[in-house]
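# Structural description and commentary
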Amino acid sequence: MDLLRISTAGSVDDGKSTLIGRLLYDNNALTKEQEELIEKKTAEKGLQDLDFSVITDGLIAEREQGITIDVAHIYFSTQDRKFIIADSPGHVEYTRNMVTGASNAEASIILIDARKGLLEQSYRHYFISQLLRLHTVVFCVNKMDLVNYDEDVFLKIAAEVKQMTAQFEHSTPEIQIIPISSLKGDNVVFPSGETSWYQGPTLNEVLHEISSKKEDEKPFRFEVQNVLHVQNEEFVDFRGYAGKVASGSIKKGDEVVVLPSGNKSTVKEIRKYDRTFDEAHAGESIVLSLNDDIDASRGTVFSLPDEAPSSDKTLDATLVWLNEQKGVFGGRYQLQASSRTVQAKLQQIHYVVPPEKPSLKVDASELKLNDISRVSFKLAQPLFVDAYANNKANGAFIVIDTQTNNTVAVGFVE
């Protein structure tokens, strides 16, 4: 079945964990043990409505405080589709977790409390969804039961959402705005009898209609993870390059260029375990062997000659700073894209962008926790990456502090 990766986001107490629990419960995707746990915790707390948050709030600290701290990944399936949901924290200090949770997603669910409307985190989460080039963003105006399912309340928030999304210059994700109550189940899986004024789809219907974006249409990118040398009766002087096709596709007989050496050869064989294939596509783990004996090691990149990635030593990127220790102009860091690493200097901080005003460019001489900025790095060697907008699979990297070995930022190549 088709797989869809989803991230959830929102501010504190917006009901993300409850929504996910409700989504699984109404889709009959919970185990008997999970249903018993929900009933047990609901009884212990003396609640009238089922407490679905216990399904995703796996840490003891989360259950005690009633908040989400870490990113929880929930796997479930219906008759038509498989899902992986990343439930991310809503607190400002956990924005880094939200970036991590959404990094592999294709769609995002942003919750808004019907009583509060858009908050700072709503702007930040949409900005990050936009930055990550997610296919669809679903705004769920939650807790409609606490505002008596008032249509005017929903329309006012929907207008605010449209005003926020209209601020972005380049094309935005597809937007859906749905009035829901995750606690009562309104418009989550089943249509609500309380919102007769809403004729749109339920959240469940939207999630089943989103089309997964195929990476086969992107340029071919294959990074060597391991070099296999085999010498036996079946394989004489066999040399294969094991890795995963990050994007694009490759066929037997195709000419490839090997970076950083720039040497070229043709594909002799495409192998998975003991089987050979004529072609391979994005997401497949394979072993490639070439017709020529070419020097390649872990981190070497294969591409087609006419669509090779950038080999520049200057890298322009949008950066999300994830560390309490500030980023400084002239600072020296290590950049890592997949298993490729290079030494780099933060050559210029062009500006910082406030999420609530994406058209505003604020001058900055340093980067603080959660800052979103446009920067330039000077690289010791090329990193062989693509613009993130053109190829997500090969357009992101992390920034590592060489002194502490901490990951301090995530970057998206411009």
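Predicted model, so just to flag it, every value in this text is computed and none were measured.

## A look at the overall build of the chain
The secondary structure content of the chain amounts to seven helices and 23 strands. Taken against the 2.2 N^0.38 rule, which gives 22 Å for 414 residues, the C-alpha radius of gyration of the chain at 24 Å falls within 12% of a compact globule. Each of the three principal axes of the chain carries a C-alpha extent, and together these read 70 × 55 × 40 Å. A buried classification covers 51% of the 414 residues belonging to the chain. By sequence separation, contacts in the chain at least 24 residues apart represent 70% of the contacts at least 6 residues apart. Accessible surface, the chain: about 19600 Å² in total, of which carbon and sulfur atoms supply 44%. Separation of charge centres in the chain, based on 44 positive and 61 negative side chains, amounts to 4 Å.

## Overview of the environment of Asp316
Here Asp316 lies in strand β16 (residues 314–321). Overall, the relative accessible area of 32% leaves Asp316 in the partly exposed class. Separated by 45 residues in the primary sequence, Asp316 and Arg271 have C-alpha atoms spaced 37 Å apart. Apart from residues no more than four positions distant in its own chain, Asp316 is found in contact with His350, Arg374, Val375, Ser376, Phe412, Val413 and Glu414.

## Observations regarding helix α5 (residues 120–131)
Given 3.6 residues to a turn, an α-helix orients residues that are three or four positions apart in the same direction. The terminal C-alpha atoms of α5, which comprises twelve residues, lie 17 Å apart, in line with the 16 Å expected from a rise of 1.5 Å per residue. Extensive coverage of α5 is indicated by the burial of ten of its twelve residues. Here α5 has its buried residues at Gln121, Ser122, Arg124, His125, Tyr126, Phe127, Ile128, Ser129, Gln130 and Leu131. Residue Arg133 follows α5 closely and has a positive phi angle near 55°.

## A short note on the pattern of salt bridges
Applying the stated rule across the entire model yields 16 salt bridges. For Arg124, the salt bridge is made with Glu120, and the minimal N-O distance between the two is 3.2 Å. Highlighted residues: Arg124 and Glu120, both in helix α5, separated by four residues, approximately one helical turn. Assessed through its relative accessible area of 9%, Arg124 is described here as buried. Of the residues examined, Glu120 reaches a relative accessible area of 45% and is grouped as partly exposed. Here Asp293 makes a salt bridge to Arg239, at a shortest N to O gap of 3.3 Å. Residue Asp293 is found in the loop between β14 (285–290) and β15 (301–303), and its partner Arg239 is found in strand β8 (residues 238–247); the two are separated by 54 residues along the sequence. The partly exposed category is assigned to Arg239, whose relative accessible area is 29%.

## Thoughts on the packing of aromatic side chains
Evaluation of the coordinates by the stated rule reveals 13 aromatic pairs. Judged by centre distance (6.3 Å) and plane angle (75°), the rings of Phe154 and Tyr198 are edge-to-face. One end of the pair, Phe154, is in helix α6 (residues 151–165); the other, Tyr198, is in the loop between β6 (174–179) and α7 (203–209), with 44 residues separating them in the sequence. Both residues of the pair, Phe154 and Tyr198, belong to the buried class. Here Tyr241 and Phe302 contribute two aromatic rings whose centre-to-centre distance is 5.5 Å and whose plane-to-plane angle is 70°, an arrangement assigned as edge-to-face. On the criterion of sequence distance, the pair formed by Tyr241 in strand β8 and Phe302 in strand β15 is long-range, its members being 61 residues apart. Phe302 carries the same exposure label as Tyr241, and that label is buried. Ring-pair connections join several aromatic residues into one group, and the members of that group are Tyr126, Phe127, Phe139 and Phe168.

## Topic: the sheet that holds strand β1 (residues 3–10)
As summarised here, the arrangement of the six strands in space is β2-β3-β1-β4-β5-β6, forming an open sheet in which the pairing is mixed. In this open sheet, the two strands that pair with only one neighbour each are β2 (72–77) and β6. Strand-to-strand, the axes of this sheet are offset by a mean angle of 20°, without reference to chain direction. One ladder, built from six bridges, connects β1 with strand β3 (residues 82–87); its direction is parallel. Each bridged residue has a counterpart across the sheet, and for Leu3 the counterpart in β3 is Lys82. Running at roughly 170° to strand β4 (residues 107–113), α5 makes contact with β1, β4, β5 (136–142) and β6 of the sheet.

How each quantity is defined
Residues numbered from 1 in each chain as written. Predicted model: local features only at pLDDT ≥ 70, side-chain atom pairs only at ≥ 80, totals over all residues. Heavy atoms only, no water. Helix = DSSP H or I, 4+ residues; strand = E, 2+ residues; numbered from the N terminus. Rg over C-alpha atoms; globule rule 2.2 N^0.38 Å. Buried < 20%, exposed > 50% of the residue type's maximum accessible area, 1.4 Å probe, protein only. Contact = heavy atoms within 4.5 Å. Areas by Shrake-Rupley, 256 points an atom, 1.4 Å probe, with all protein chains shown as cover. Lys, Arg positive; Asp, Glu negative; His and termini not counted. Charge placed at Lys NZ, Arg CZ, Asp CG, Glu CD. Expected span 1.5 Å × (residues − 1). Salt bridge = Lys/Arg side-chain N within 4 Å of Asp/Glu carboxyl O. Phe/Tyr/Trp six-rings, centres within 6.5 Å; stacked < 30°, edge-to-face > 60°. Pairing = 2+ DSSP bridges. Axes fitted to C-alpha atoms, helices over the stretch in contact; angles between N-to-C directions.

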